[in-house]
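# Descriptive structure summary
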Amino acid sequence: MSHDSKPNIVLVHGAWADGSSWSYVIENLQAEGHHVTAPQFPLTSLADDVGRLRHVLDLQDGPTVVAGHSYGGQVITALGTEAPNVVGLVYIAAFGIDEGESLGGLLSQGPPTPALEHQFVDDEGFVWLTEDDFVNHFASGVDPVKAKVMYATQQPLAGSALSDEMEVPAWKSLPSWYMVAQDDQAIPPDAERMFAERMGATTIEIPAGHLPMVSHSAEVANLIESAAKAVPVTA
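Our subject in this report is the structure included herewith.

## A few points about the packing of helix H1 (residues 23-31) against helix H9 (residues 217-230)
Between H1 and H9, whose axes approach to 9 Å, the crossing angle comes to 50 degrees. Between H1 and H9, the angle falls in the class oblique. Viewed along their axes, H1 and H9 form a crossing whose handedness is right-handed. Contacts from Tyr24, Val25, Asn28 and Leu29 in H1 reach Ser217, Ala218, Val220, Ala221, Ile224 and Glu225 in H9. Taken together, the residues of the contact of H1 with H9 break down into 7 nonpolar, 2 polar and 1 charged.

Pasting the structure below:
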């Protein structure tokens, strides 16, 4: 392996976001000498997104740590038992669901969170967030000017991804790390704590909203870096 035997890092963005949401984290990880890839995911179906992740993983030379934010946690979890060069999973305010669960099923157990309260579905079956909910709740804690740019570039999520049931989750067989965002207004922090505890993840909590990789990028990079240091670098 090149790059001094450090694991590769692949970053998986969530719904209503894109790969650039990881920009500051990428800078930090590159400065530490990691080979980092933050692909764009189509969000057209869970299968399409997992397919894109497998495609990118096939291009990695050697062991790889995969980090997912929000719905990106669903994508990394859905790698299941077939993730040959993946050595660790990092969840950043992300869904870490178990076999037989779906995102929609979980979200319907309580009232809609402030970030998702006025989501709407277009004629093609894709889900969008309103500007107010996005800027003030989804991106709470992010500079409003930056939050409005992120709102303009939001990618909608196919509604079908909310009803897909998880098969055997990847975290059953891989070490995992979890960052709980204590002020999250999209995924309830208690749900994040439940995901982390259930998967036996090494867990940290930070006082951030739903986008810690934007508002607390150094802490996010540090957690991914600590995962990278803890995993074996020989496949």
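## Some remarks on the pattern of salt bridges
Counting across every chain of the model gives 6 salt bridges. For Arg193, the salt bridge identified is with Glu205, shortest N-O distance 2.7 Å. With Arg193 in helix H7 (residues 189-198) and Glu205 in strand E9 (residues 202-206), this residue pair connects regions lying 12 residues apart in the sequence. For Arg193, a relative accessible area of 30% translates into the label partly exposed. Exposure remark for Glu205: the relative accessible area of 37% places this residue in the partly exposed category.

## Notes on unusual backbone geometry
Phi is positive for Leu43, close to 60 degrees, though the residue is something other than glycine. Tracing the backbone through its elements, the reader meets Leu43 in the loop between strand E2 (36-37) and helix H2 (46-58). Positive phi is not limited to glycine here, since Ala93 has a value of about 45 degrees. As for its placement among the helices and strands, Ala93 is situated in the loop between strand E4 (86-92) and helix H4 (103-107). Residue classification places Ala93 among the buried positions, given a relative accessible area of 0%.

Reading the values: the criteria
- Here the residue numbering is sequential within each chain, running from 1 through the sequence in written order.
- Restriction of local features to residues with pLDDT of at least 70 applies here, the model being predicted, together with a cutoff of 80 or more for giving and counting side-chain atom pairs; totals for whole chains, interfaces and linings are based on all residues.
- The side-chain values count all of the structure's non-hydrogen atoms but skip hydrogen atoms and water molecules.
- In this analysis, axes come from line fits to C-alpha atoms, helices being fitted only over the stretch in contact, and the angle between any two N-to-C directions falls in the range 0 to 180 degrees.
- The secondary structure listing takes helices from DSSP runs of H or I that are at least 4 residues long and strands from runs of E that are at least 2 residues long, numbered from the N terminus.
- Note on terminology: angles under 35 degrees are roughly parallel, angles over 145 are roughly antiparallel, angles of 65 to 115 are roughly perpendicular, and the others are oblique.
- Note: crossing handedness is left-handed where the near helix turns anticlockwise from the far helix by less than a right angle, and right-handed where it turns clockwise.
- Any two residues whose heavy atoms approach within 4.5 Å at even a single point are treated as in contact.
- Only Asp, Glu, Lys and Arg are considered charged, only Ala, Val, Leu, Ile, Met, Phe, Trp, Tyr, Cys and Pro nonpolar, and every remaining residue, Gly among them, polar.
- The term salt bridge refers to a side-chain nitrogen of Lys or Arg lying within 4 Å of a carboxyl oxygen of Asp or Glu.
- Only protein chains enter the calculation, and the probe is 1.4 Å; a residue is then buried if its accessible area is under 20% of its type maximum, exposed if over 50%, and partly exposed in between.

The quantities given are spatial measurements derived from coordinates; they are silent on function.
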